[in-house]
Structures are given as C-alpha cells and as structure tokens.
Amino acid sequence: MAAIIDGKKISQEIKEELKEKVSLLKAQGKTGALAVIQVGADPASSVYVRNKKNACAFIGIESLAYELPEETSEEELLRLIEDLNQDGQVKGILVQLPLPAHICEDNVIKAIRPDKDVDGFHPQSVGALVIGQKGFVSCTPAGIIQLLKRSQIEIAGKRCVVIGRSNIVGKPMSLLMLREHATVTIAHSKTKDLPGLCRSADILIVAIGKPRFIGAEYVKEGAVVIDVGIHRDADNKLCGDVKFEEVEPIASAITPVPGGVGPMTIAMLMNNCVQSIEEG
Ligand code: GUN
C-alpha cells in the first residue's frame with residue numbers, strides 16, 4: 001500500500017504561506033500584479049486562466065486579465081507584452097498556451113522580460129536553470145519537487161527516471177532532480193526497453209501524455225511514482241498517465257489524479273509571482 005501524496009493539501013498549505021507573505025510585503029509597500037493573457041477561447045485554457053485568477057485573489061495579489069480574440073495578430077500580442085514589460089506595477093506576465101497556430105509561441109515567450117517570466121519558459125530562465133543560476137523555474141516541475149520534499153521523500157542519491165522530454169515538464173524536471181542530487185535518466189518515445197528502465201527507478205516521474213499507459217510492469221517495488229498526466233477516460237472520468245489501481249499496491253508513495261501534481265502548478269505560479277514582487 002502506497003502513501004497517497006496529497007497535492008491538494010500541500011498546494012493549499014503553500015498558498016496559505018504565500019498569503020501571509022503577501023500581507024507582510026504589502027506592509028512594506030511591496031505590491032504587484034500578475035497579467036494573464038489568453039488568446040482565443042480554448043475551454044481548457046479558460047479553466048486554467050480562471051483558476052490562476054482565483055489563486056491570485058486568494059493570496060491577495062492583483063490579477064489583470066487580457067482575453068484577446070482568436071484572430072489577434074502576433075504583432076498585437078507582442079505590443080501588449082511590451083506595454084506590460086514597461087508597466088512597473090506588473091510583476092508577472094503569463095501567456096496561456098497553446099496559442100492559435102498563426103502566432104509563434106517562441107517569439108511570444110522570448111518577448112516577456114525574464115524578470116517577469118513567472119512561467120519560467122523564457123530561454124534565459126531555462127538557461128539559468130541549466131547552469132544553476134537564479135531564475136524562474138517552470139511551475140509543474142517546481143511543484144513536484146515541493147510534493148517530494150513536503151512528503152519527506154529523500155531525493156539525493158536516488159535513481160530517477162523522467163518519462164517525457166517537453167520544455168515545460170520533462171526537461172526542467174530532469175534538471176531540478178539533478179539539482180537535488182538525484183541520478184537522472186530521461187526516457188522518451190525512442191527509448192528501448194522502457195519498462196526495464198523504469199523498473200530501475202526509485203523515483204519515477206511520468207509525463208508521457210498517454211492515458212493510463214504505465215502499469216505494474218514499469219514499477220519497482222517500493223518506488224515513488226509521480227503522475228503528471230491528466231486526461232478524461234472513455235467514461236469521462238479524470239485519469240493520469242499511470243494505471244493507479246495497478247501501481248498503487250507496488251509503490252511506496254504515489255500521486256493521485258486528480259489532486260496530485262495538478263494543484264501544485266498554480267501554487268508554484270503564485271510562488272513565482274510573490275518572489276517577483278519581493279524582488280521588486
Ligand atoms: N498551458 C498548459 N500549461 C501551461 C502553463 O503552465 N503555463 C502556460 N502559460 N500555459 C500552459
């Protein structure tokens with residue numbers, strides 16, 4: 001029987017801590033807003049954006065919502081970002097992804113000032129992570145580190161396999177685990193004998209993007225399993241990349257879906273915003 005890592009509870013604790021910090025910063029005259037930009041009306045993006053605004057309200061920071069029509073041009077979006085870059089009260093800028101196909105995501109990410117890049121997606125933020133310098137870290141991987149630490153799971157010296165090599169999760173996740181002194185392997189669609197490799201992991205982090213892909217044959221007895229996936233199954237129920245009921249009896253600790261990694265992303269976004277306000 002595995003311990004269930006309660007991301008809902010841990011994310012709430014973090015948001016409570018941040019709320020206190022925000023009120024202390026306010027007393028020192030330090031305030032700031034998060035600008036959230038959404039282009040188009042993708043329903044999943046609308047849910048994420050609403051959750052981000054609610055989290056800002058909870059911890060006591062202002063959020064500025066920019067809901068732009070689908071046909072917004074790249075130039076118009078870049079102009080808005082430049083205005084927000086120049087606005088002293090705006091301490092964080094977030095452009096919800098994905099963007100419509102006619103807008104180049106790389107150009108947009110690059111346009112955000114790195115000291116307001118609370119998503120941690122700017123090449124300078126990513127580069128800083130690679131060489132161990134200060135910068136904003138991508139929120140989902142940062143949240144997973146918090147889940148492990150706040151569950152008293154030791155990382156140093158452990159064998160960690162990360163499945164997935166995306167810029168938002170897999171790559172920064174691997175770098176963060178390395179920074180915490182794990183021995184890290186990144187697996188992906190071309191990896192040979194994925195089950196065998198995964199069975200070498202003390203900590204298995206799954207960001208494969210395929211519903212219920214990882215079963216018992218991928219998991220070593222006593223491993224810690226972190227499931228980054230979120231999907232709807234045939235019955236419209238939320239599920240992860242891991243077959244929870246099959247893996248849970250083997251693992252020593254596991255994140256559920258929903259209520260595991262998901263809530264941590266927004267908590268860490270709030271953490272990045274508070275850090276940005278603090279640094280001024
Ligand atoms: N789309 C899916 N996840 C994210 C995220 O963490 N940040 C942004 N900006 N867009 C996303």
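Here the structure is shown first, and the text comes after it.
Residues numbered from 1 in each chain as written. Predicted model: local features only at pLDDT ≥ 70, side-chain atom pairs only at ≥ 80, totals over all residues. Heavy atoms only, no water.

Peer 1: If you had to explain the site of the ligand to someone new, which residues and values would you point to?
Peer 2: Every residue near the ligand is listed here: Lys52, Leu94, Val95, Gln96, Leu97, Asp119 and Phe121. Separating a nitrogen atom of the ligand from a backbone N or O atom of valine 95 is a distance of 2.8 Å. A distance of 2.6 Å separates a nitrogen atom of the ligand from a polar atom in the side chain of aspartate 119. Its free accessible area being 280 Å², the ligand has 79% of it covered by the protein chains. For the shell around the ligand, the per-class residue count stands at 4 nonpolar, 1 polar and 2 charged. (Near = heavy atom within 4 Å. Polar contact = N/O pair within 3.5 Å; in protein donor to acceptor, adjacent residues only side chain to side chain. Areas by Shrake-Rupley, 256 points an atom, 1.4 Å probe, with all protein chains shown as cover. Nonpolar A, V, L, I, M, F, W, Y, C, P; charged D, E, K, R; others polar.)

Peer 1: Got a sec to walk through empty space enclosed by the protein? Specific residues and values, please.
Peer 2: Overall, the coordinates contain 1 cavity of 30 Å³ or more when judged by the stated rule. Of the pockets and cavities examined, the largest cavity occupies roughly 60 Å³. Class assignment for the residues of the lining of the largest cavity results in 6 nonpolar, no polar and 2 charged. (1 Å grid on protein atoms, 1.4 Å probe; cavity = no way out; pocket = protein on both sides within 12 Å on 5 of 7 lines; lining within 4 Å. Points joined across faces, edges and corners; volume = space filled by probe spheres on them.)

Peer 1: Could you give an account of helix H7 (residues 170-179), naming the residues involved and the relevant values?
Peer 2: Spacing of three or four residues puts side chains on the same side of an α-helix, whose turn is 3.6 residues. Looking at H7, one finds that the buried residues are Gly170, Pro172, Met173, Ser174, Leu176 and Met177. At its buried positions, H7 is contacted by helix H5 (123-130), helix H6 (139-150), strand S5 (159-163), strand S6 (183-187) and strand S7 (203-206). (Buried < 20%, exposed > 50% of the residue type's maximum accessible area, 1.4 Å probe, protein only. Helix = DSSP H or I, 4+ residues; strand = E, 2+ residues; numbered from the N terminus. Contact = heavy atoms within 4.5 Å.)

Peer 1: Could you give an account of the packing of helix H1 (residues 7-27) against helix H2 (residues 43-59), with specific residues and numbers?
Peer 2: Pairs of packed helices are described in terms of their axes, by the angle between the two and the distance that separates them. H2 packs onto H1 with a crossing angle of 50° between their chain directions and a minimal axis gap of 8 Å. Compared by their axis directions, H1 and H2 come out oblique. Listed contacts from H2 to Gln12, Lys15, Glu16, Leu18, Lys19 and Val22 of H1 are Ala55, Phe58 and Ile59. Looking at the contact of H1 with H2 residue by residue, the class counts come to 5 nonpolar, 1 polar and 3 charged. (Axes fitted to C-alpha atoms, helices over the stretch in contact; angles between N-to-C directions. Parallel < 35°, antiparallel > 145°, perpendicular 65-115°, else oblique.)

Peer 1: Provide a residue-level description of the environment of isoleucine 4, including the pertinent values.
Peer 2: Note on placement: isoleucine 4 falls in strand S1 (residues 3-4). Exposure remark for isoleucine 4: the relative accessible area of 44% places this residue in the partly exposed category. Those residues in contact with isoleucine 4 that sit more than four places away from it in its chain are Phe244, Glu248, Ile254 and Pro256.

Peer 1: Could you give an account of the sheet that holds strand S4 (residues 90-95), with specific residues and numbers?
Peer 2: Strands belonging to one sheet form pairs held by backbone hydrogen bonds; the direction of such a pair is parallel or antiparallel. Strand order in this open sheet of 3 strands is S3-S2-S4, and the pairing throughout is parallel. The open sheet terminates on both sides in strands that have one partner only, identified here as strand S3 (62-68) and S4. Along the sheet, successive strands turn relative to each other by an average axial angle of 20°, direction set aside. Contacts from H2 reach strand S2 (33-39), S3 and S4, with the element oriented near 170° to S2. Along the sheet face, helix H3 (residues 74-86) touches S2, S3 and S4 and points at about 180° away from the line of S2. (Pairing = 2+ DSSP bridges.)

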